[in-house]
Amino acid sequence: MSVEANTPVTKLFEPHFWKDSNRKLEYYLDKMDGYKMAKKVLTEMTPDQVIDEVKKANLRGRGGAGFPMGMKWSFIPKVDKPKYLVINADESEPGTCKDRQIIRYTPHALIEGIIIGSHAIGCKHSYIYIRGEYAREAKLLQEAIDEAYAKGYLGQNILGTQNTLDITIHRGAGAYICGEETGLLNSLEGKRGEPRVKPPFPAVSGAFACPTAVNNVESVATVPFVMRMGGDNFAKLGKIDKSGGTRLISLSGHVNKPGVYEIGAGSMTLRQIIEDLGGGVWKGRKLKAVVPGGSSAPVLSADEIDVVYDVEPLQKVGTMMGSAAIMVCDDTTDMVKLLLRVTKFYAHESCGQCTPCREGCQWMESILHRIVHHPHDGKAKPSDIDMLTDIAGNIGGKTLCALGDAAAGPVISFIKKFRPEFEAYVRGDVKERVRHA
Amino acid sequence: MATTGKVLSEKFYTAMKKLEPRYPNKKALILPALHEAQKEHGWLSKETLEDVANYIGVHPAQIREVASFYTMYNLKPVGKMHLKICTNVACCLRGADELMEYAEKKLAIKCGETTPDGRFTLSEEECLGACTTAPAMMANDDYIENLDINSLSDFIEKNKGGQA
Ligand SMILES: Cc1cc2nc3c(=O)[nH]c(=O)nc-3n(C[C@H](O)[C@H](O)[C@H](O)COP(=O)(O)O)c2cc1C
Ligand code: SF4
């Protein structure tokens, strides 16, 4: 994947997926020019130069919010305190399974990214917070970290310099909210993973009350490519303003070829992704709906998918790119049941600190439950539909963290776009019952 | 100088000793300690939580408060083989409900229960992060993906008799 190659580079990660031996250090050194950039950055570049290059690259965070990486790193104050680069490997937004690919097949890109990022912000000990369920991935990652220690890329006097850098894997234990960066930091500190009141922001007071940058796995693993290609060239991989590089997309649900795919940022529409990469809707069926950015993203109906798949275009149509997880629903999908399932998730995962989120999610779940499971005994009422929208409207924007909005958005959008299905339920026109969902 | 607690073995204390230098304070070791402690008996009994509390140097209630926040810490005993079927959106779209129903029938227990012989516990799980290979489940620490009724049935059969 070197810059000198004749064929233009369009994919950074995907060509290295699916072969177990690719995760070894030798492969990273031989085939991906591994650790050369770490060495260069440590010996030839100041932290500010690194940050400038990342800014030029238009590298936006891949965790969900799309915040510019270079900017985030520049917020870390140059104070005389430990500073932490904390990697978010919680990968818990429903639909998302891209960071797992990086950890499995290109773990050294992540480690080299951590070395470069640590230099940029002055971090000497980085933590990788990985969801507890990824036990196998944590083990693979530890093996890669051990390889890096053995070679002197980590530890003391790394890569023959005066720098010190340790990396510690911290395993979560099953809680979606620990993907939220301040919930994650509390969990790292040995507490319940409840999000914190901001300010102070993590850049000022994060892990162990010290300046901290929390970044997604993909965000950081991308940094070595930025340095290899140069920020300007990297930015050009993106085909849209403000988004540089490539995006890993988790495509799931009712498509013929679900998978993790890599595209130039903004280089395809949602329709092209579903048809060209996903091989179209499965079983020869028609498309009904698409959840375009993890289950927190408001749903799109089948006629709304000619939208460029990137942050701003999706915002314009009232949804979001989130963690780039696309879930496709064919025309047999029961949208009411699906919304119940989505809402149940948020009710289960609400940490309970904010009343609107805790109570609202429970209420929405129980109303949806009676709509789906009691349409015939008079428990569900036509007014339930508007009540749902009402409750959702009272959660959004009124909570400590974005989980509240994440729970409200689907309810509002599902009802707005598929209202007749909800009405059919409360009229008692829907017969079939399924235990779950 | 590993001391042993009431129920936790020396292995626990040795593992923790190794981790201590990696954190700026001892409280940060609570999650790793609970993971390590759970390895010993598969769940966290009152005595285990007390040992962890003693080791960290906090009140047992504080450990329970933390442990109860996370679904992976078992505060009740679980079967030898803990099946956690993901029923979140991506898995649901590809038949997770039918799998759950099938598993309940096959094991003759409801979701959330353990078989009388203590071999299987069946749970429903939120998104496992295996959405492009849905439906998926966890069997103890392992992921099993692209599940269907046949492979689920085979898996249960295979783990019924011998070593779980
Ligand atoms: C409820 C909730 C869950 C989140 N889950 C994740 C996650 O699993 N992984 C992740 O990288 N970011 C997640 N985020 C976003 C993080 O808070 C944070 O923005 C991100 O880690 C920053 O990294 P980035 O700038 O590199 O994207 C979540 C946010 C919220 C509100
Ligand atoms: S919005 Fe919900 S999840 Fe977030 S802090 Fe408030 S109660 Fe917790």
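Residues numbered from 1 in each chain as written. Chains lettered and ligands numbered in written order. Predicted model: local features only at pLDDT ≥ 70, side-chain atom pairs only at ≥ 80, totals over all residues. Heavy atoms only, no water.

Q: Please explain the domain arrangement of chain B as it appears in this structure.
A: Split by domain assignment, chain B resolves into domain 1 (10-69) and domain 2 (81-158). On a C-alpha basis, the centres of domain 1 of chain B and domain 2 of chain B stand 29 Å from each other. (Domains from an automatic or database assignment.)

Q: I tried to follow the sheet that holds strand β3 (residues 166-171) of chain A on my own but got confused; where do I start?
A: By way of backbone hydrogen bonds, the strands of a sheet pair with one another, either parallel or antiparallel. All names here are of chain A. A sheet is described by the order of its strands in space; here four strands give the open sequence β3-β2-β1-β4, paired in parallel fashion. Looking at which strands have only one partner, the edges of the open sheet turn out to be β3 and β4 (212-216). The mean angle between the axes of side-by-side strands here comes to 20°, regardless of whether they run parallel or antiparallel. The sheet contact formed by strand β1 (residues 84-89) and β4 spans five bridges and is parallel. Note on β4: the bridge partner recorded for Asn88 is Asn216. (Pairing = 2+ DSSP bridges. Helix = DSSP H or I, 4+ residues; strand = E, 2+ residues; numbered from the N terminus. Axes fitted to C-alpha atoms, helices over the stretch in contact; angles between N-to-C directions.)

Q: Any chance you could explain the pairing of strand β5 (residues 246-253) of chain A here in plain terms?
A: Regular strands place side chains that alternate from one sheet face to the opposite one. Residues and elements named next belong to chain A. Of all eight residues that make up β5, eight are buried, and the element is covered over most of its length. Sheet topology note: the β5/strand β6 (residues 259-264) ladder contains six bridges and is antiparallel. Counted as the bridge partner of Ser250 is Val260 from β6. Where β5 folds back on β6, the antiparallel hairpin that results is connected by five residues. (Buried < 20%, exposed > 50% of the residue type's maximum accessible area, 1.4 Å probe, protein only.)

Q: Would you explain a nonpolar patch on the surface in this entry?
A: Residues and elements named next belong to chain A. On the surface, Phe67, Met71 and Phe75 cluster together into a nonpolar patch covering about 270 Å² of accessible area. Mapped onto the elements, Phe75 comes out in the loop between α4 (69-74) and β1. Residue class for Phe75 comes out partly exposed when judged on its relative accessible area of 45%. (Patch = residues over 30% accessible without salt bridge, like charges linked within 9 Å, V, L, I, M, F, W, Y side chains within 5 Å. Areas by Shrake-Rupley, 256 points an atom, 1.4 Å probe, with all protein chains shown as cover. Salt bridge = Lys/Arg side-chain N within 4 Å of Asp/Glu carboxyl O.)

Q: When you look at the sheet that holds strand β7 (residues 287-291) of chain A in this model, what are you seeing that I'm missing?
A: All names here are of chain A. Across the sheet, five strands lie side by side as β6-β5-β9-β7-β8; this open sheet has mixed pairing. On the outer flanks of this sheet lie β6 and β8 (300-301), each paired with one strand and no other. Pairing between β5 and strand β9 (residues 325-330): four bridges, direction parallel. Each bridged residue has a counterpart across the sheet, and for Ser252 the counterpart in β9 is Met327.

Q: Help me out: how do you make sense of the side chain of Thr212 of chain A in this one?
A: Residue and element names in this part refer to chain A. Following the sequence through the fold, Thr212 ends up in strand β4. The exposure class assigned to Thr212 is buried, which follows from its relative accessible area of 2%. Within polar-contact distance, the side chain of Thr212 engages the backbone nitrogen of Ala207 at 2.7 Å. A distance of 2.8 Å separates the side chain of Thr212 from the backbone oxygen of Cys210, its partner in a polar contact. (Polar contact = N/O pair within 3.5 Å; in protein donor to acceptor, adjacent residues only side chain to side chain.)

Q: What is the right way to look at the packing of aromatic side chains in this model?
A: Within a pair of aromatic rings, the relevant descriptors are the distance that separates the centres and the angle that separates the planes. Going through the model one piece at a time under the given rule, you end up with 19 aromatic pairs over all chains. Taken together, a centroid distance of 5.1 Å and an interplanar angle of 75° make the contact between Phe13 of chain A and Phe225 of chain A edge-to-face. Remark: Phe225 of chain A occurs in helix α9 (residues 217-229) and Phe13 of chain A occurs in the segment before α1 (25-31); sequence separation between them is 212 residues. Here Phe13 of chain A matches Phe225 of chain A in class, with each residue buried. A ring pair is formed by Tyr127 of chain A and Tyr23 of chain B, whose centres lie 5.4 Å apart and whose planes are at 25°; its orientation type is stacked. Placement of Tyr127 of chain A in strand β2 (residues 125-130) and of Tyr23 of chain B in the loop between α1 (10-19) and α2 (30-41) is noted, with the two residues assigned to different chains. Since its relative accessible area comes to 1%, Tyr127 of chain A is described here as buried. (Phe/Tyr/Trp six-rings, centres within 6.5 Å; stacked < 30°, edge-to-face > 60°.)

Q: I would appreciate a short explanation of the state of the cysteines in the present structure.
A: Think of a disulfide as a covalent bridge from one cysteine sulfur atom to another cysteine sulfur atom. All names here are of chain B. Under the definition given, this model contains zero disulfides over all chains. Cys131 forms no disulfide, and the closest cysteine sulfur to it belongs to Cys127, at a distance of 3.6 Å. The exposure class assigned to Cys131 is buried, which follows from its relative accessible area of 3%. (Disulfide = S-S within 2.5 Å.)

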